[in-house]
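# Secondary and tertiary structure notes
Read off the chains here:
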Amino acid sequence: MALKSTHGPFDGSMSIVYECPTCSMQTAMLTNRAETQMVRSLGVKIGGRTAPEEPMETLRSNLASGQEVSPERPAPSTGGKCPFTGMVNDAIGAAESEPEKPVWTEGALARIEAIPGYIQPMVKRNVENFALEHGCFEIDEDVMDAVRGRLGI
Amino acid sequence: MSGKGGVGKSTVTACLADGLTRLGVSTGVLDADLNGPCMARMMGVKDHKPSSQNGAMIAARNAYGVPVMSMDMFLPEDETPLVWEAPSQQGAYTWRSMVEMSALRELLSDTDWGDLDVLLIDLPPGAERFQNLADLLPDLTGAVVVSTASQTAMTVVSRSISMALNIAEVEVVGLVENMSTMVCPECGYKDRVFIGVETVEELARRHGVPYLGAIPFNVGLADFLETGRSYIEMHAEHPAAHAILEVAQRVHFWLKNQSK
Ligand SMILES: Nc1ncnc2c1ncn2[C@@H]1O[C@H](COP(=O)(O)OP(=O)(O)OP(=O)(O)O)[C@@H](O)[C@H]1O
Ligand SMILES: [Mg+2]
C-alpha cells in the first residue's frame, strides 16, 4: 500500500488514503476527532520532534488563537523522515494556517455568478468577511440580502 | 485548598507568601486555578508579560521578591476567558481536563523559580482538584486548608480534609480560619461574622489537624494585596498583620518539624 492523499482535517478529524500499487484499490483511514484531540492535548507530536522543546509549549500552543500574549507561539516542531507523518503534518499545518471560511449555498453562488466576473472575487471576499463578522458560517440568500444594501449587489 | 469556593484560599495564599517571606523562608506562588486565575493580581504582578530564558519561563517577581506564575499572565485581557484551541468547542469536554493537567504541569515545571524553600500552590474550588494535584505531585509536602466559620463552608471543608488525609494521603499542615471576625477600623471592636454550632478550631480538632489561626475580615486587604507590597510590613500594627504572621509562624514550625 502506498500513501495516496489526505482529506481534511475537518472538524478535528481527517482521512488518509492508501492505494495498492498493482491493483489501485484504495483504503482510507479515518481519525477519531476526540482521540486525535486528546493525544494532541498531551503534547504528543506526530512523527516525533525536530525542533528543540520550548518552555510551556503545550500550554501556549493549545491556547485558542488570539489568546496568547507572548512570547511568540511555539512553532510546530514536527516533521521527521516518515512520509506518513510528513503528509499528515502538512495537512494539519495547512488547516491551522488557513483562516476558517464560510460555506456558500448554491442560491448564493448563483447570485455571485450573475455579477460581472472581474468584481466577483472582491464581492465574494466582502460577503465572506461580513458573514464571519456576524457569526454566519453558511452564506445563503438571506445573508446576501443582508449585505445587499452595503455592497449594492 | 478548601473544596469550597470563595472562602479566601487565594487571599490566604498571598498572605502566607508575605508571612513566610518575612520569616526568611524563600517562597514562590503557583496559581493552579487556570480558569479563574487571580494570583498575578493578588501578588501585584498582573502586568507581567511572560518571557523565556535558557529554556524556562521567567516567573514574575512582586515588590518583595516572591516569584509568581499564573495563567493570568498568558491571557491578554482581564475579560479573556481561558479557551483551548479545538476544532469545535462542543466536543472539547473529552480532552479539556487533559490539556489543563498538561498546562498545570508546565506552569510548575517549565518555570524558573530560582532557589525556593517552599512553593505555595493556590487551588481552585472543588475537592477533586486537590486529588488531581496530588496525582501530579506525589511528593506534595502538605495541604493548608482554608475555611470560613460558615457551617455550609465547614461541611464541604470537612469532606475535603478527609479526602486529603484518607484518599490522597497527603498531610494536612493545618486549618486557617478566614473572614470569621470583623474588626471595626474606627474603634477596634471585634465581632463574629458567623455564629454556628461548631467553630473552625473544633473542626480542626475533630480531624486531628493543627489549627493555624484566624485572619479577620479586613476591608482594605484585597486592594492592598494588589500593590504587591508586604501587608505585614506596611500595616505592622493592624490585627490582620499579627494574625497573618501567626499563621505563617505555625506553617513554618510545621515545615521545620517535617524536614527533621
Ligand atoms: N480576610 C479577608 N479580608 C477581606 N476580604 C477578604 C479576606 N479574605 C478574602 N477576602 C475577599 O473575599 C473574596 C474571595 O476571596 P478569595 O478569592 O481569596 O477566595 P478563594 O477561596 O480563592 O475563591 P475561589 O474559590 O474562587 O478561588 C475576595 O474578594 C477577597 O478579596
Ligand atoms: Mg481562588
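Note that the structure is a prediction, hence the values are computed from the model and not measured.

### A short note on the overall build of chain A
Counting its regular elements, chain A contains six helices and five strands. In chain A, the succession of helices and strands from N to C terminus is β-β-β-α-α-α-β-α-α-β-α. Out of the 153 residues belonging to chain A, those deemed buried represent 29%. Considering only residue pairs separated by 6 or more positions, chain A has 46% of its internal contacts joining residues 24 or more positions apart.

### Considerations on the pattern of salt bridges
On inspection of all chains with the given rule, the structure shows 11 salt bridges over all chains. Note that Arg111(A) and Asp145(A) form a salt bridge whose closest N and O atoms lie 3.1 Å from each other. Placement of the pair is Arg111(A) in helix α4 (residues 106-113) and Asp145(A) in helix α6 (residues 141-151), with a sequence separation of 34 residues. For Arg22(B), the salt bridge is made with Asp18(B), and the minimal N-O distance between the two is 3.7 Å. You can see Arg22(B) and its partner Asp18(B) sitting in helix α1 (residues 9-22), four residues apart, about one turn around the helix. Of the residues examined, Arg22(B) reaches a relative accessible area of 35% and is grouped as partly exposed. Using a relative accessible area of 1% as the deciding quantity, one classes Asp18(B) as buried. Look at the salt bridges and you will find they share partners, linking Arg111(A), Glu141(A) and Asp145(A) into a network.

### Topic: the site of ligand 1
All names here are of chain B. Around ligand 1 there are 18 residues in total, and Gly 6, Lys 9, Ser 10, Thr 11 and Asn 178 lie nearest to it. Between ligand 1 and Gly 6 there is a distance of 2.8 Å, counted from an oxygen atom to a backbone nitrogen or oxygen. Pro 216 has a polar backbone atom sitting 3.0 Å from a nitrogen atom of ligand 1. A total of 630 Å² of accessible area belongs to ligand 1 in isolation, and the protein chains cover 76% of it. Listed by contribution, the elements that provide at least two residues to the shell around ligand 1 are α1, β9 (172-183), β11 (211-217) and α7 (221-225). Taken together, the residues that form the shell around ligand 1 break down as nine nonpolar, seven polar and two charged.

Quick notes on the rules
- Residues numbered from 1 in each chain as written.
- Chains lettered and ligands numbered in written order.
- Predicted model: local features only at pLDDT ≥ 70, side-chain atom pairs only at ≥ 80, totals over all residues.
- Heavy atoms only, no water.
- Helix = DSSP H or I, 4+ residues; strand = E, 2+ residues; numbered from the N terminus.
- Buried < 20%, exposed > 50% of the residue type's maximum accessible area, 1.4 Å probe, protein only.
- Contact = heavy atoms within 4.5 Å.
- Salt bridge = Lys/Arg side-chain N within 4 Å of Asp/Glu carboxyl O.
- Near = heavy atom within 4 Å.
- Polar contact = N/O pair within 3.5 Å; in protein donor to acceptor, adjacent residues only side chain to side chain.
- Areas by Shrake-Rupley, 256 points an atom, 1.4 Å probe, with all protein chains shown as cover.
- Nonpolar A, V, L, I, M, F, W, Y, C, P; charged D, E, K, R; others polar.

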